[in-house]
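# Close look at the chain arrangement
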2 protein chains.
Amino acid sequence: MMDISLVGTGGMMPLPNRYLTSLLCRYNGRMLLIDCGEGTQVSMKLLGWGYKNIDCICFTHYHADHISGLPGLLLTMSNSGREEELTLIGPPELARIAAGLLVIAPELAFPIKMVELPVKPHADLRIPLTEFYVSALPLDHGRPCFAYSIETRRGAKFDLERAEGLNLPKKFWGALQRGESVCHEGADYTPEMVLGPPRKGFKVCYCTDTRPVRTLPGFIENADLFVCEGMYGDPEKTATAREHMHMVYADAAAIARDGNARALWLTHYSPAMPNPKEHLYVARNIFRESCAAYDRITRTLIFEDE
Amino acid sequence: MMDISLVGTGGMMPLPNRYLTSLLCRYNGRMLLIDCGEGTQVSMKLLGWGYKNIDCICFTHYHADHISGLPGLLLTMSNSGREEELTLIGPPELARIAAGLLVIAPELAFPIKMVELPVKPHADLRIPLTEFYVSALPLDHGRPCFAYSIETRRGAKFDLERAEGLNLPKKFWGALQRGESVCHEGADYTPEMVLGPPRKGFKVCYCTDTRPVRTLPGFIENADLFVCEGMYGDPEKTATAREHMHMVYADAAAIARDGNARALWLTHYSPAMPNPKEHLYVARNIFRESCAAYDRITRTLIFEDE
């Protein structure tokens, strides 16, 4: 299973009871964070998942509300005893931006590896120490900005009955399970002989800040959860959203629908929108499984056959 | 009158309900802030004094918990319509540190003037746009770090009766009130002829992070309010405080007593100290007007003759 928590749901500036938008994914005890604005570590304290096992932080872009919490979080991770390398991923200029912010965190207890993504689609970057695979899609926000897809894989089920029927010594089973073929006493044995059909892993997608992009529905296709900005709920703010290169609820819901997502969490609300639920009906009319997310909303994704 | 609010009272890391230590002073509608950690702007939102009229931010030093909130606060000030120059004051390297942090706030609507203080005592720096005078005293924290004294002045009272007795035309009274001498029809008139004795202004002192310093009681002498770190309350933490170059409550209270302060607010509590009131008795036994301050504790200082 995989735990997902939207650590904050605000845009532009942190507010009392509305931290800046940031998503935390936990799988097999390891964590991946997307975006880290001012106060993210405070909301994480309330969440209670700890800091030490964050192995990767992905940045959509470098507006302050998406990265200003980085030095504080890294210092808290350092004080939590982390020593393993941390991976940072983001658009071009990550090294310059991080070097600027880290002037106030010069002595961390762990090394940092930076992965600066050129502005083009990326697929299946395996994150060290974890079983997360990260893909990224360029967005439309007036500066380099990425949507992220976080996926976990799952091996096919080993069919014990079929394996026993092969009369192949048990010491070779592991190889078959790992997807390797085996030659024993002149006969060939292939993984397909003992493995069931591929099993679905998890796919969680995160998209902010941007105008709607034609490639988004394909990128998020069949996601278990699609976390998407809804800077404005009111359809009358459509022109404002366009002007500031953001989206309204209806834009996010249409992408969720077109991409066949299972569920949509709206987030990155304008500070001028005190009640994000007020216009939720607009999204629901387009995509029924829309939710006006709130700080630390949490979901545990379960394997289909669990 | 002068309003004082301790925006946060935490040390090291921001916690839910305990923002990082930061002091806001308001006098005649203009504001001065000392230190700005992650989340300071959120606590200021709860305080409700606005952002636009902050004319000066003083930094004690550049550990992250004292400056990590700077880029976010400046962006919020910019979004609040501020256009006047902002003064930043701090120990050496202010320009380098601020330049690093401001990589994520490259387009502010107002200019910034930086005043880098050499590590020595400073007195009576007048802050533009305001009536604040700032003095600074080097501390002992293993790196350049200053205590600050924020003062306001008050002119002597104009004695109407004595002025009328002079038979000096009213058009000259303003000059006398401003402290200038006047020569009229061969006679000399001096300010002393119409002004009462000097009147006391306000003095608020702020001291964190440091070991006790011999010059501190003199620096804070007769302060209306002394805001001082009490990283640890428990006297058994005295050795720990020494090791980390911090103070215990008893150290702060002794400085308040020796400097004849009117009141002491303890702050900058260790995250490991959930109940700062627990050891308040230790401070009170040394200095009776000790208070275990909490976030957004506020006091209005009133002129003695108001």
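Here is what the cut-offs are and how they apply
- Residues numbered from 1 in each chain as written.
- Chains lettered and ligands numbered in written order.
- Predicted model: local features only at pLDDT ≥ 70, side-chain atom pairs only at ≥ 80, totals over all residues.
- Heavy atoms only, no water.
- Core = buried A, V, L, I, M, F, W, Y, C linked by side-chain atoms within 4.5 Å.
- Buried < 20%, exposed > 50% of the residue type's maximum accessible area, 1.4 Å probe, protein only.
- Contact = heavy atoms within 4.5 Å.
- Pairing = 2+ DSSP bridges.
- Helix = DSSP H or I, 4+ residues; strand = E, 2+ residues; numbered from the N terminus.
- Axes fitted to C-alpha atoms, helices over the stretch in contact; angles between N-to-C directions.
- Salt bridge = Lys/Arg side-chain N within 4 Å of Asp/Glu carboxyl O.

## What about the nonpolar core?
- Ranked by size, the top nonpolar core spans 64 residues in total, and within it Ile-57 of chain A together with Ile-57 of chain B carry the most contacts.
- Among all residues touching Ile-57 of chain B, those that are not within four sequence positions of it are Leu-33, Leu-70, Leu-73, Leu-74, Leu-86, Thr-87, Leu-88 and Ile-89 of chain B.

## Quick word on the sheet that holds strand S4 (residues 54–58) of chain A
Residue and element names in this part refer to chain A.
- Pairing is mixed across the open sheet formed by seven strands, whose spatial order is S6-S5-S4-S3-S2-S1-S16. The sheet is open, and its two borders are formed by strand S6 (112–116) and strand S16 (297–301), each paired with just one other strand. Within this sheet the neighbouring strands show an average axis-to-axis angle of 15°, counted without direction.
- Here S4 pairs with strand S5 (residues 86–90) via three bridges, running parallel. Bridge pairing in S5 places Ile-57 opposite Leu-88.
- Of the strands in this sheet, strand S3 (30–34), S4, S5 and S6 are in contact with helix H2 (residues 70–79), which crosses S4 at around 175°.
- In the packing of helix H3 (residues 94–101) onto the sheet, the strands contacted are S5 and S6, and the crossing angle to S6 comes to about 140°.

## With respect to the pattern of salt bridges
Residues and elements named next belong to chain A.
- In this structure the tally under the stated criterion is 20 salt bridges over all chains.
- The closest approach of N and O atoms between Glu-93 and Arg-96, which form a salt bridge, is 2.6 Å.
- Judged by its relative accessible area of 39%, Glu-93 falls in the partly exposed class.
- Judged by relative accessible area, Arg-96 falls into the partly exposed class, the value being 45%.

## Some remarks on the sheet that holds strand S5 (residues 86–90) of chain B
Residue and element names in this part refer to chain B.
- In spatial order, the strands read S6-S5-S4-S3-S2-S1-S16; together these seven strands make up an open sheet with mixed pairing. Because the sheet does not close on itself, it has two edges, and the strands there are strand S6 (112–116) and strand S16 (297–301). Pairwise comparison of adjacent strand axes, ignoring direction, gives a mean angle of 15° for this sheet.
- Alignment of strand S1 (residues 2–8) against strand S2 (residues 22–27), held across six bridges, turns out to be antiparallel. Each residue of the ladder has a partner; that of Asp-3, found in S2, is Arg-26.
- On top of the sheet, helix H1 (residues 40–47) reaches S1, S2, strand S3 (30–34), strand S4 (54–58) and S16; it is set at about 135° to S1, its chief contact.
- Sheet strands touched by helix H3 (residues 94–101): S5 and S6. Its angle to S6, the strand with the most contacts, is close to 140°.

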